[in-house]
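# Descriptive structure summary
What follows is the residue order along each chain.
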Amino acid sequence: MLNIKKPWENDSYLGNQKILEQLNTLSKNDKLNTTLLFHGSFGIGKATLAFRYTNYILCQESENFLKFKINNNQITNQIKNLTHPNLIYISNYDENDQSKEIKIEEIRGLKKKIMSKTINGTYRVVIIDSIDSLNKSSCNALLKILEEPPQKTIFILICHNINYIPDTILSRSIKFNFKDMNILNTNAILDLNRIKTNTDKIIKLYDNKRITAGKIVYLLKNNFEDIENDFEDFIANDKSNDFRNVLIKTRKYIKKEDNDKFLILIELFMIWIKKNAMKILYDIENNSDLLKTITYWDKYQIKYKNLNDFNLNKEEFILTLNKDVRSLLHMELL
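Residues numbered from 1 in each chain as written. Predicted model: local features only at pLDDT ≥ 70, side-chain atom pairs only at ≥ 80, totals over all residues. Heavy atoms only, no water.

### Section: the nonpolar core
- One finds Leu23, Leu36, Phe38, Leu49, Tyr53, Ile57 and Ile156 to be the most contacted residues of the largest nonpolar core, which totals 65 residues.
- Take this core: its biggest share by element is eleven residues, from helix α12 (residues 259–281).
- Contacts of Leu49, omitting those with residues within four sequence positions, involve Tyr13, Ile19, Leu20, Leu23, Phe38, Phe65 and Phe178.
- Counting 24 residues, the second largest nonpolar core, distinct from the first, contains Ile104, Leu110, Leu143 and Cys159. (Core = buried A, V, L, I, M, F, W, Y, C linked by side-chain atoms within 4.5 Å. Buried < 20%, exposed > 50% of the residue type's maximum accessible area, 1.4 Å probe, protein only. Helix = DSSP H or I, 4+ residues; strand = E, 2+ residues; numbered from the N terminus. Contact = heavy atoms within 4.5 Å.)

Here's what the structure looks like:
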């Protein structure tokens, strides 16, 4: 069982020094009453830095942010317990630590909370992690709040894919682009959190590019090795094998409590398509197969987004996926 610190429990932060400097300038110039958008890869430390900056603001210490250290005091303890009266945290994870949609009721509740005055006349910080999980109604409700934000209120919006965020929200935000880290920094963060595991296989699978410490933790927490084994069985079967057994095995990912495992399974499928498309690129004779593969990629990019946006039927998705994997296998991509 992994014992991982939550973003609000971390005392340290590594990486993206340029963003630390930008935040320091923002506070020095007294431009805090605003909306900050932290965007970048999942698990890169956006929420960790959001809570670190919250500590700095609510502690009201005179030193600049670059020298700020989180000490053991009443304010930091309240933040670590998510009980500070001037902190509002909205998460896309439920009580079982499974990802969920952020619904309009939560944004309406936020609007009521920020109408009251802050304790001791200090700043209030609102962290939404992540706005990728807002549905259309929630987005519209949040936009109305951002159009006329209350005084002494800072919004920190965390985003994993800025391309999905409406321009109306982007135009009202100061954007901070979190750059991907190298493998050395990623391993250093894992060491800080005492994650003792062989991550080489995961790093290789994700092509050493967009894998982050937080992503590795997320995968390990969801029994990634079991999901990968299921996927290997999934793509190893053709008409000569027992398709029914494969279907039964993959249907377990439909359960609501296994939503994150389901998303990881689909992600593995997308990686598999992309890698096989790259193989075909080097074979001029297979141009038609490349076109078919790209068509599958586009199809599932849309289906995957629609599945999240419109809460579509997972069982139907899995059934279609089984069918399309078999079609791809018959193209002899492997």
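The rest of the description comes next.
### A look at the packing of helix α7 (residues 183–192) against helix α9 (residues 213–221)
- Two elements in contact, α7 and α9, have axes whose closest approach is 9 Å; the angle formed by their N-to-C orientations is 55°. One finds that α7 runs oblique with respect to α9. Listed contacts from α9 to Thr186, Ile189 and Leu190 of α7 are Ala213, Ile216 and Val217.
- Residues that form the contact of α7 with α9 fall into these classes: five nonpolar, one polar and no charged. (Axes fitted to C-alpha atoms, helices over the stretch in contact; angles between N-to-C directions. Parallel < 35°, antiparallel > 145°, perpendicular 65-115°, else oblique. Nonpolar A, V, L, I, M, F, W, Y, C, P; charged D, E, K, R; others polar.)

### Quick notes on the pattern of salt bridges
- Considering all chains together, one arrives at four salt bridges under this definition.
- Between Lys100 and Glu106 there is a salt bridge; the shortest N-O distance is 3.0 Å.
- Relative accessible area serves as the criterion here: at 27%, Lys100 is assigned to the partly exposed category.
- Put simply, Glu147 and Arg172 hold a salt bridge, and the shortest N to O gap is 3.6 Å. Pair noted here: Glu147 is in helix α5 (residues 136–147) and Arg172 is in the loop between α6 (167–170) and β5 (174–178), with a separation of 25 residues, a long-range link.
- With a relative accessible area of 33%, Arg172 lands in the partly exposed category. (Salt bridge = Lys/Arg side-chain N within 4 Å of Asp/Glu carboxyl O.)

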